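Chain and residue survey
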Amino acid sequence: MDFYKIDKINLDHFLCAKFAMLERMKQPARITWNYLRGFIEADGSFHFFSSGKPGGCEIRFGQKANRTLLAMISAFLSSEGFTHCLDPETPRTSSNKGRAPVLRVQGRLQCARFLKLMRENSTDNFLFLGVKARTFMLFELIVSTTKYTPAQFIGLRMSMHKSHRNEPDLLPSSNMRTREQREADWDLPPGESYRSTEHLIQPIDENYDNFQAEIREGIQNKTLNVSGEFMAGVMDGDSNIFVRPLIPGPASNYRNTFNWESRGFVIYSDGRSKLVLEALAYMLNSNSRPNAHGSDGVIGSHTIVMGTRASYEAFKEKVAPYMCGEYKIQQYQVLESFYTLLDKKMLRDYDAVVWMINKIYDLVERQTKGRARASNRQQMLEAARMFYGSFDN
């Protein structure tokens, strides 16, 4: 095998000089309504309150690591005439997981106007793709009137964030009150919130089922329109881009299997957004399918592997130019580094491979504030040493 020896001192300079994307760090893409829909799909939420005064509504935008992105969204909301507030971050401690900062648009009239503008400014033939589509249908129904009874508010509230009314109620946090507790607060008979909302929720479930079928038909027939701005919002919100070689099995099996080309890049999303990744694969002309990950029958996440050069080029053209989040742009830059080394045949060189591995894990550690497992980096470096050392024998 031919090796392309690289001066390690000049390697960073060579790559950095190559990327116009580094300049984009100073001028991220602007926030649009299409982008905001994608961000909500991934890391936003619709809420209303069924305790205290029924009918209080709000739209939330969360972001654990990227403070500048929330500031950009805040500026966009202000330019559109919305008042909003920002809850500061609660620090992580040994006894508390902490809480990420949250941007909130509050009030029924503001939320109704937000939904109206989101519909009017969408260039896609959908608003949301995952379970968020059903949650949006419920939320739109709720903000349209204040005439619901307390039992109906409770029934609608407890049906939010589910894919069907017959699913068990979801309690995202330990301090969230159950349906039974909420009914007791209002001296309602047990189960009244189910009975009083059946006629409201059943049509929404039917619409959601039909919607999913239409989206999959649009993907199959290649008629679904997915804007790059929407998908960039998804990426910035709660997805990750990973680059790593295909190295199956324990470290002892790494010899002669350190194959970057067969892995390409991996995109991650949460467990309730499979259709989002299917739409992304369609958008990038990829035959890849999402892989589910979880335990005890509960899907915690999906990943999709984009293993072809064509998928990367499509991502580079259709999605990357619209990304606004600093961290995701940095992840994309690592992806660019990978393909630059690949094109130059530099991934045949041990020094370049070590540089690439360290580049990947430096970013991971920076974005996780040092909580990434150091063993992952060492395992990958050991795999490279074993594989490239085989050429010296």
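Residues numbered from 1 in each chain as written. Predicted model: local features only at pLDDT ≥ 70, side-chain atom pairs only at ≥ 80, totals over all residues. Heavy atoms only, no water.

What to know about the side chain of serine 286
Mapped onto the fold, serine 286 is located in the loop between α11 (274-283) and β7 (291-295). Looking at serine 286, the relative accessible area reads 10%, which means it is buried. Discounting residues that sit within four places of it in the chain, serine 286 has contacts with Ala281, Met306 and Ser311. (Helix = DSSP H or I, 4+ residues; strand = E, 2+ residues; numbered from the N terminus. Buried < 20%, exposed > 50% of the residue type's maximum accessible area, 1.4 Å probe, protein only. Contact = heavy atoms within 4.5 Å.)

Focus: the pairing of strand β2 (residues 56-62)
Buried residues dominate β2, accounting for 5 of its 7 residues. Sheet topology places strand β1 (residues 44-49) next to β2; 6 bridges connect them, and they run antiparallel. Opposite phenylalanine 49, over in β2, you have glycine 56 as the bridge partner. Where β2 and strand β4 (residues 102-106) come together, 5 bridges link them in antiparallel fashion. From the neighbouring strand, arginine 60 faces β4, where its bridge partner is arginine 104. (Pairing = 2+ DSSP bridges.)

Some remarks on the packing of helix α3 (residues 33-43) against helix α4 (residues 67-79)
At a minimum axis separation of 12 Å, α3 and α4 run at an interaxial angle of 130 degrees. Comparing the axis directions of α3 and α4 gives the class oblique. By crossing handedness, the relation of α3 to α4 is classed as left-handed. In contact with Trp33, Tyr35, Leu36 and Phe39 of α3, α4 contributes Leu69, Ile73, Phe76 and Leu77. (Axes fitted to C-alpha atoms, helices over the stretch in contact; angles between N-to-C directions. Parallel < 35°, antiparallel > 145°, perpendicular 65-115°, else oblique. Left-handed = near helix turned anticlockwise from the far one by under 90°.)

Looking at α11
Within α11, 9 of the 10 residues are buried, which leaves it mostly tucked inside the rest of the structure. All of the buried residues in α11 are Leu275, Val276, Leu277, Glu278, Ala279, Leu280, Ala281, Tyr282 and Met283. In the segment just after α11, asparagine 285 is the residue with positive phi, at about 55 degrees.

Concerning the sheet that holds β4
On the basis of which strands lie adjacent, the open sheet formed by 4 strands has the order β1-β2-β4-β3 and antiparallel pairing. Here the strands that pair on one side only, and so sit at the sheet edges, are β1 and β3 (85-87). Strand-to-strand twist of the sheet, defined as the mean angle between neighbouring strand axes without regard to direction, takes the value 30 degrees. The strands that α4 touches are β2, β3 and β4; relative to β4, the one it contacts most, it runs at about 20 degrees. Together, β1, β2 and β4 form the strand contacts of helix α5 (residues 108-120), whose direction differs from that of β2 by roughly 55 degrees.

With respect to the nonpolar core
In terms of nonpolar packing, the biggest core is built from 99 residues, with Phe46, Ile59, Phe61, Leu77, Phe114, Met231 and Phe315 touching the most fellow members. Leaving out residues up to four positions away in the same chain, leucine 77 has contacts with Leu36, Phe61, Phe82, His84, Leu103, Val105 and Phe114. (Core = buried A, V, L, I, M, F, W, Y, C linked by side-chain atoms within 4.5 Å.)

Some remarks on the packing of helix α12 (residues 309-318) against helix α13 (residues 326-343)
Closest axis-to-axis distance for the α12/α13 pair is 12 Å, and the angle between their directions is 135 degrees. As the angle between them shows, α12 and α13 are arranged oblique. Crossing hand, α12 versus α13: left-handed. Here α12 contributes Arg309, Tyr312, Phe315 and Lys316 to the contact with α13, which in turn contributes Tyr332, Leu335, Glu336, Tyr339 and Asp343. Across the contact of α12 with α13, the residue classes break down as 5 nonpolar, no polar and 4 charged. (Nonpolar A, V, L, I, M, F, W, Y, C, P; charged D, E, K, R; others polar.)

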